Amino acid sequence: MVYVFIALGAIILLGLVIGLARRPKAQAAQQAHVDAVRSTAVGFGWQIDQVALGDLYRRLPQLGSVLGNDESGVRVTAQLSGQWRGVPICAAQISYATEGMATRTWHTATLLLVKRPFAGPEIMVGPQQRWSWIDTKIGYPPFDERFHVYAPNEQAAREVLTPALAGHLVADARMADRVLFFGGAEVATLFPGPLTQQQVLTALGDLLVEVVQRMGVR
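This one's a predicted model, so the numbers in the text were calculated from it and none came from an experiment. Starting from 1, residues in each chain are numbered consecutively following that chain's sequence as written. With the structure being a predicted model, the display of local features is reserved for residues of pLDDT at least 70 and the display and counting of side-chain atom pairs for 80 or more, all residues being used for whole-chain, interface and lining totals. Only heavy atoms go into the side-chain values, all of them from the structure, while hydrogens and water stay out.

**Details of the packing of aromatic side chains**
In step 1: Pairing of aromatic side chains here covers Phe, Tyr and the six-membered ring of Trp, requires ring centres within 6.5 Å, and sorts the geometry by plane angle: under 30 degrees stacked, over 60 edge-to-face, intermediate tilted. Considering all chains together, one arrives at four aromatic pairs under this definition.
In step 2: On the numbers, 6.0 Å between centres and 75° between planes, the contact of tryptophan 46 with tryptophan 84 is edge-to-face. Linking tryptophan 46 in the loop between helix H1 (2-44) and strand S1 (47-48) with tryptophan 84 in strand S2 (residues 74-84), this pair joins segments that are 38 residues apart in sequence. There is no split in this pair, since tryptophan 46 and tryptophan 84 are both buried.
In step 3: Ring centres 4.8 Å apart and planes at 40° place the aromatic pair phenylalanine 143 and phenylalanine 147 in the tilted group.
In step 4: A relative accessible area of 0% means that phenylalanine 143 is categorised as buried.
In step 5: Taken together, the aromatic side chains of Phe44, Trp46 and Trp84 make up a single cluster linked through ring pairs. Working definition: helices are DSSP H or I runs of at least four residues, strands are E runs of at least two. Numbering for both runs from the N terminus. Exposure classes here rest on a 1.4 Å probe applied to the protein chains alone. A residue is buried below 20% of its type maximum, exposed above 50%, and partly exposed in between.

**Quick notes on the pairing of S2**
For a regular strand, side chains alternate in direction, first toward one face of the sheet and then toward the other.
In step 1: Pairs of strands are assigned from DSSP output, requiring at least two bridges between the strands. Relative to S2, S1 runs antiparallel, the two being bridged by two bridges. The residue of S2 that forms the bridge with glutamine 47 is serine 81.
In step 2: Of the strand pairs in this sheet, S2 and strand S3 (residues 87-99) are connected by 10 bridges, and their pairing is antiparallel. The residue of S3 that forms the bridge with glutamine 79 is alanine 92.
In step 3: Between the end of S2 and the start of S3, which pair antiparallel, lie two residues, with arginine 85 showing a positive phi angle near 50°.

**Digging into unusual backbone geometry**
In step 1: With a phi angle near 50°, arginine 85 is a residue other than glycine that sits in the positive phi range.
In step 2: Here arginine 85 lies in the loop between S2 and S3.
In step 3: With a relative accessible area of 44%, arginine 85 lands in the partly exposed category.
In step 4: Of note in the backbone geometry, aspartate 177 takes a positive phi value of approximately 60° without being a glycine.

**A word on the pattern of salt bridges**
Pairing between side chains of opposite charge can happen when their charged atoms approach one another.
In step 1: A pair is scored as a salt bridge if a Lys or Arg side-chain nitrogen falls within 4 Å of a carboxyl oxygen belonging to Asp or Glu. For the structure shown, the criterion picks out eight salt bridges.
In step 2: In this structure, arginine 58 and aspartate 55 form a salt bridge, with 3.6 Å as the shortest nitrogen-oxygen distance.
In step 3: Counted as one network, the salt bridges with shared partners bring together Arg85, Asp172, Arg174, Asp206 and Glu210.

**Looking at the packing of helix H6 (residues 163-171) against helix H7 (residues 198-214)**
In step 1: Across the interface, H6 lies against H7 with an axial gap of 8 Å and an inter-helix angle of 155°. By the angle between their directions, the pair H6 and H7 is classed as roughly antiparallel. Of the residues in H7, those touching H6 at Ala164, Leu165, His168 and Leu169 are Glu210, Val211 and Arg214. Note on geometry: axes are C-alpha line fits, over the in-contact stretch for helices, and angles between N-to-C directions span 0 to 180 degrees. Should an angle lie under 35 degrees it is considered roughly parallel, over 145 roughly antiparallel, and from 65 to 115 roughly perpendicular; all remaining angles are considered oblique. Every residue pair with non-hydrogen atoms within 4.5 Å of one another is taken to be in contact.

**Looking at the side chain of glutamate 186**
In step 1: Here glutamate 186 lies in strand S8 (residues 186-192).
In step 2: Residue classification places glutamate 186 among the buried positions, given a relative accessible area of 8%.
In step 3: A polar contact of 2.6 Å, which involves the side chain of glutamate 186, links it to the side chain of arginine 59.
In step 4: With near-sequence residues (within four places) excluded, glutamate 186 lies in contact with Arg59, Leu60, Leu113, Val114, Lys115, Arg116 and Phe181. In the analysis that follows, any N or O atom pair within 3.5 Å is treated as a polar contact, provided that within protein one partner can donate a hydrogen and the other can accept it, and provided that, for residues neighboring in sequence, both atoms belong to side chains.

**Here's the deal with H6**
In step 1: Listed in full, the buried residues belonging to H6 are Leu165, Ala166, His168 and Leu169. Down the axis of H6, the buried set is contained in an arc of 160°. They therefore lie on one face. In H6, the exposed positions angled more than 90 degrees off the buried face are occupied by Pro163 and Ala171.
In step 2: Those residues of H6 hidden inside the fold are in contact with helix H4 (141-146), strand S6 (147-150), helix H5 (154-160), strand S7 (180-182) and H7. It is the directions from the helix axis to the C-beta atoms whose arc is reported.

**Re the pairing of S8**
In step 1: S8 sits mainly inside the fold: six of its seven residues count as buried.
In step 2: In this sheet, S8 lies alongside S7 in antiparallel orientation, the contact comprising three bridges. Across the sheet, residue phenylalanine 182 finds its bridge partner in S8, namely valine 187.
In step 3: Connecting S7 to the antiparallel partner S8 that follows it, the hairpin turn spans three residues.

Printed below as a string of structure tokens:
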């Protein structure tokens with residue numbers, strides 16, 4: 001019995017030693033990320049934003065289905081805001097969990113949001129063949145073949161996806177495997193990983209601005 005207690009004590013002590021050894025590395029990694037976020041803010045002329053985004057599941061249609069997470073919610077771990085080509089923009093780094101058979105896996109992604117030019121139906125546009133629910137058609141074959149649309153009905157989908165916008169999305173290489181969320185107040189998209197990926201921010205920021213510019217064009 002004594003040997004059992006000694007063995008247990010050794011295991012606990014080993015765990016403490018490992019934990020203490022890892023702590024400086026974890027702190028260094030966290031500080032490096034904070035520095036990278038600040039550098040990104042400076043590079044884009046944005047500011048670190050602490051205004052709560054609220055319930056993203058309510059703001060962005062089908063966000064939970066796209067993330068594969070309907071229970072644990074989304075945690076915003078870093079957030080920047082400012083202007084991009086004259087349009088208000090927010091970049092939010094999020095953490096979310098997906099459930100396996102007996103495990104929970106946490107993921108990091110970045111959500112980009114730009115202000116919608118006017119109110120309208122809430123829809124979601126994504127790659128075709130990715131989801132099993134009913135696909136709403138807009139009557140433009142090149143678009144319908146390439147994209148899946150979640151919308152209340154065809155009229156709502158066509159109201160958002162004007163011919164000018166639908167034609168632009170079909171021809172845009174940045175839409176490969178891209179999901180667009182048309183919420184009540186903003187248009188948003190996601191990309192995997194932290195918000196410090198400046199080239200991706202630039203490309204997708206441009207994409208969202210071009211989308212809102214074409215939303216009112218018939």
